[in-house]
Amino acid sequence: MKGIIYTGEAITDHKLLAMLPKELQAFLRQRNGVVAYFGGLHIRGCCTEPAWHSLREAWQGEQALQKTYDTVQKNDIPFAQDCVGNQFLLRQGEVVFLDTETGEIAPLEVDFKHFLIGAEKFPVDALGLEPLRRWQQQGEVLAPGQLLHMYPPVCIAATTDKATLAPVSVLKRLAFLADLYRQIKHLPNGQSLTIKPLQD
């Protein structure tokens, strides 16, 4: 795995580890989660701190994805995310992709092991690294615990074609995406919408 900028400390949440599929358990025993590809892929760990790295928080915590997104099932394991906060879930042994703006789910038709192989071979396509590449071309880097905030959101037909990118904390970015999803999930296509930029 290339471009590792963060590796989780020792496993502290052993009860959660025991609930995970064997391939994910094996990975986390070697490295308790990582931020790889210079921020392009974050695989969560079995820990309580930091909260942004905690698999339990994303799966079962107060802001758990299943509590926000109607398309996420109780047993879906949100093991990873990309550089803008879209999620990779394990659903009955297979990886599915959650678009965190719209809540749409897309099966990737690979298991955890082959997801990692695909990311290694084709990182730009498999992990949606284009926003991160643009950010890096400006001489910028993401720090562990940050995601790229894109404004306006991809799913919105905006008056400008040029999206701005800015680093924000993982928890702030995911909260923005959850709020956006709640606002648009029942709106018909073409409905006008005013979205406030993320405040510092």
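Numbering of residues starts from 1 in each chain and follows the order in which that chain's sequence is written. This being a predicted model, a pLDDT of at least 70 is required before a residue's local features are given, and a value of 80 or more before pairs of side-chain atoms are given or counted; all residues contribute to the totals for chains, interfaces and linings. Just so you know, side-chain values use all the structure's heavy atoms and leave hydrogens and water out.

Caption draft 1: Spotlight on the pairing of strand 6 (residues 94–98). With 5 bridges joining them, strand 5 (residues 87–91) and strand 6 adopt antiparallel strand pairing. Within the sheet, the bridge partner assigned to Q87 lies in strand 6 and is L98. The antiparallel hairpin formed by strand 5 and strand 6 contains 2 residues in its connecting segment, where Q92 sits at a positive phi of about 50 degrees. Strands qualify as paired when DSSP identifies two bridges or more between them. For helices the rule is a DSSP run of H or I covering at least 4 residues; for strands it is a run of E covering at least 2, with both sets numbered from the N terminus onward. Where strand 6 meets strand 7 (residues 105–107), 3 bridges bridge the pair, whose relative direction is antiparallel. For F97, the partnering residue across the bridge sits in strand 7 and is A106. Hairpin geometry of strand 6 and strand 7 is characterised by an intervening segment of 6 residues between the two adjacent antiparallel strands and by a positive phi of about 80 degrees at G103.

Caption draft 2: A look at the environment of V84. Within the element layout of this structure, V84 appears in the loop between strand 4 (77–82) and strand 5. A C-alpha to C-alpha distance of 9.4 Å links V84 and P167, two positions 83 residues apart in sequence.

Caption draft 3: Structural view of the layout of surface pockets. Here a cavity means grid points, on a 1 Å grid over the protein atoms only, where a 1.4 Å probe fits yet cannot get out; a pocket means an open set of points with protein on both sides within 12 Å along at least five of seven lines; lining residues are those with an atom within 4 Å of a point. Grid points are joined across faces, edges and corners, and a volume is the space filled by probe spheres set on the points. There is about 340 Å³ of room inside the second largest pocket. Lining the second largest pocket are 19 residues, and of these E57, Q63, L171, L174 and A175 sit closest to its centre. Secondary-structure elements contributing two or more residues to the lining of the second largest pocket are helix 3 (55–60), helix 4 (65–68) and helix 8 (170–184). Here the lining of the second largest pocket gets 7 residues from one element, more than from any other, and that element is helix 8.

Caption draft 4: The arrangement of the packing of aromatic side chains in detail. Only rings of Phe, Tyr and Trp enter the pairing, Trp through its six-membered ring, and a pair is recorded when the two centres are within 6.5 Å. The plane angle decides the type: under 30 degrees is stacked, over 60 is edge-to-face, the rest tilted. Enumeration over the complete set of coordinates arrives at 7 aromatic pairs. Arranged with centres 5.5 Å apart and planes meeting at 90 degrees, the rings of F79 and F115 form a pair that is edge-to-face. Here F115 lies in helix 5 (residues 112–121) and F79 lies in strand 4, a separation of 36 residues in the sequence. Taken together, a centroid distance of 4.8 Å and an interplanar angle of 50 degrees make the contact between F88 and F115 tilted. Remark: F115 occurs in helix 5 and F88 occurs in strand 5; sequence separation between them is 27 residues.

Caption draft 5: Structural detail: the pattern of salt bridges. Any Lys or Arg side-chain nitrogen located within 4 Å of an Asp or Glu carboxyl oxygen qualifies as a salt bridge. Overall, the coordinates contain 3 salt bridges when judged by the stated rule. The shortest N-O distance in the salt bridge between D13 and R56 comes to 2.6 Å. In this pair, D13 sits in the loop between strand 1 (6–7) and helix 1 (14–19) while R56 sits in helix 3, placing the two residues 43 residues apart along the sequence. A salt bridge links D70 to K185; the shortest N-O distance between them is 3.4 Å. With D70 in the loop between helix 4 and strand 4 and K185 in the segment after helix 8, this pair connects stretches of sequence that are 115 residues apart.

Caption draft 6: Just unusual backbone geometry, in detail. The omega torsion of the bond from E49 to P50 falls at -5 degrees, within 30 degrees of zero and hence cis. Here P50 shows up in the loop between strand 3 (41–43) and helix 3. A positive phi angle, close to 55 degrees, is found at F38, a residue other than glycine. Here F38 is to be found in the loop between strand 2 (34–36) and strand 3. Despite not being glycine, E109 has its phi angle at roughly 60 degrees, a positive value. Mapped onto the secondary structure, E109 falls in the loop between strand 7 and helix 5.

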